[in-house]
Amino acid sequence: MTLLIIGSGGREHAILCALAKNKSVKKIYACPGNGGMAGLAECVPIKATEIDQIRAFATEHGVDFAIPAADDPLCLGAVDALESAGIRCFGPNKAAAEIEGSKVFAKNLMKKYRIPTAAYEVFETSGEALAYLEACETFPAVIKADGLALGKGVVIAQNRAQAAAAVREMMEDKKFGASGSRIVVEEFLTGPEVSVLSFADGQTLVPMVSSMDHKRAKDNDQGLNTGGMGVVAPNPFYTPEIAARCRETIFLPTLRGMAAEGRPFRGCLYFGLMLTPHGPKVIEYNCRFGDPEAQAVLPLLETDLLEIMLAVRTERLHTLHIRWKAQHACCVVLASGGYPEKYRTGLPITLGETGDALLFHAGTRRLEDGRAVTAGGRVLGVTALGNTLPEAVAAAYGAAGRISFEGAFCRKDIGRRAIAAKAE
Ligand code: AMP
Ligand code: GLY
């Protein structure tokens, strides 16, 4: 088979590594891919959002199966475009991707199907939003841009002034363009966060091993929000009892609700959950694998990923028994100095002896002579497995310490809260 992966992050590299294990795969292309994917795939300089060019390339090069892995191409309708050209895909069509592409759609879906989530109001004008916040008595309040905003469209406002500033930035200054033309104002929830990625074929849903992302840039959850600075899997807060409750109150109602709306979800459905004192609630849905969650979860997968993706495409997920390694994974992200704000690129990366650790490239690029240089904010994800969580964490940090580039930094506390929870 000839495959095409659409995207350029560490997640895409992790998906590539899993798919490349399948013996029937003869060739893999990546649009645009990155410096690490270049080893296993042929990287093609077409951006993930250039859907027409991607479709033309895939048709010309005999692509049998495509995996749009990032949110933008999915929300732009990459699956619809490729499928209409006869190229099978793993991923939701545009209508189903709206579960991530529009927070208003997602919140209304949850309300209609009684899926637990934060209480909310939707606003279409800044005047109405500001009037509501003026009367609001409880802070923090959470302000969310409706559309995609590179993971930056959520503001936790500690007081009325911060909330008003966020509304003005999104709705009047158009900080996120059209994504902020509608906003959601929602209740602030507390509790441990859990990411649950799942395979869904429209009818059947199979959760993957749970995980815990670390979103803030600095240790102890300080600093700005990022795309994710590290992950451990499984997540110790997500007990079998909580998993069973989530299945009944969240996962299945979401799957059935999407089908009832005429938008059956096929692909990876990501549940961002908060385990609140009042039970698990949905913080967000994503229509794709998480990044860096995929870099910790996929290395634990024993069943062949391509086989699963093909079963999702043909609605045969119920026929598979998906197996996982009984181990723990830790992924530590090495980032460019200054990320998530300003940072330099083009800096040479030195790789030492990293043993059994898996290196997933994210923001890297290969020079003509084959050397890798930095090309983004999150540069590399270093994943290690272990029989215990502390072993996995120690091995990931051991390997991360042998990789260097000017200004490189990582959080030093990935997994610390999870290890403390396990010890209780
Ligand atoms: P999102 O972009 O939706 O993943 O939101 C980014 C982060 O903001 C989440 O990972 C949470 O930590 C936080 N967040 C979002 N919604 C809420 C909420 N209603 N209450 C508390 N924290 C939230
Ligand atoms: N790590 C969070 C996300 O992929 O959205």
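Keep in mind it's a predicted model, so treat the numbers as computed, not measured. (Residues numbered from 1 in each chain as written. Chains lettered and ligands numbered in written order. Predicted model: local features only at pLDDT ≥ 70, side-chain atom pairs only at ≥ 80, totals over all residues. Heavy atoms only, no water.)

## Examining the nonpolar core
No. 1: Within the largest apolar cluster, 44 residues are counted, with the highest numbers of intra-cluster contacts made by Leu-4, Ile-99, Phe-251, Phe-271, Leu-273 and Tyr-285.
No. 2: The element that contributes the greatest number of residues to this core is helix H9 (residues 240-260), accounting for five residues.
No. 3: Beyond its immediate stretch of four places on either side in the chain, Ile-99 contacts Phe-105, Ala-106, Leu-109, Thr-254, Met-258, Phe-265, Leu-269, Tyr-285 and Cys-287. (Core = buried A, V, L, I, M, F, W, Y, C linked by side-chain atoms within 4.5 Å. Buried < 20%, exposed > 50% of the residue type's maximum accessible area, 1.4 Å probe, protein only. Helix = DSSP H or I, 4+ residues; strand = E, 2+ residues; numbered from the N terminus. Contact = heavy atoms within 4.5 Å.)

## Some remarks on the packing of aromatic side chains
No. 1: Under the definition given, this model contains seven aromatic pairs.
No. 2: Between Phe-199 and Phe-289 the ring centres are 6.3 Å apart and the planes differ by 75°, which places this aromatic pair in the edge-to-face class. With Phe-199 in strand S10 (residues 193-201) and Phe-289 in the loop between strand S17 (279-286) and helix H10 (293-297), this pair connects stretches of sequence that are 90 residues apart. Of the two residues examined, Phe-199 and Phe-289, each falls in the buried class. (Phe/Tyr/Trp six-rings, centres within 6.5 Å; stacked < 30°, edge-to-face > 60°.)

## Things to note about the pattern of salt bridges
No. 1: Within this structure, the stated rule accounts for 20 salt bridges.
No. 2: Lys-215 serves as the salt-bridge partner of Glu-284, at 3.9 Å between the closest nitrogen and oxygen. Highlighted residues: Glu-284 in strand S17 and Lys-215 in the loop between strand S12 (212-213) and strand S13 (216-218), separated in sequence by 69 residues.
No. 3: Of the charged contacts, one joins Glu-406 and Arg-344 as a salt bridge, the two residues approaching to 2.8 Å between their closest N and O atoms. Linking Glu-406 in the loop between strand S24 (403-404) and helix H13 (416-423) with Arg-344 in the loop between strand S18 (328-335) and strand S19 (350-351), this pair joins segments that are 62 residues apart in sequence.
No. 4: The exposure class of Glu-406 is exposed, given its relative accessible area of 52%.
No. 5: Ionic contacts of the salt-bridge type, sharing partners, join the residues Lys-107, Lys-144 and Glu-186 into one network. (Salt bridge = Lys/Arg side-chain N within 4 Å of Asp/Glu carboxyl O.)

## Quick notes on the sheet that holds strand S2 (residues 27-32)
No. 1: One open sheet holds the five strands; their spatial order is S3-S2-S1-S4-S5, and the pairing between them is parallel. Of all strands in the sheet, those with a lone pairing partner are strand S3 (42-43) and strand S5 (88-89), marking the two edges.
No. 2: Bridge count for strand S4 (residues 65-68) against S5 is two bridges, and the pairing is parallel. Its bridge partner lying in S5, Ala-66 is registered against Cys-89.
No. 3: In the packing of helix H1 (residues 10-19) onto the sheet, contacts are made with strand S1 (2-7), S2 and S4, and the angle to S1 comes to roughly 165°.
No. 4: Of the strands in this sheet, S1, S4 and S5 are in contact with helix H11 (residues 305-313), which crosses S4 at around 95°. (Pairing = 2+ DSSP bridges. Axes fitted to C-alpha atoms, helices over the stretch in contact; angles between N-to-C directions.)

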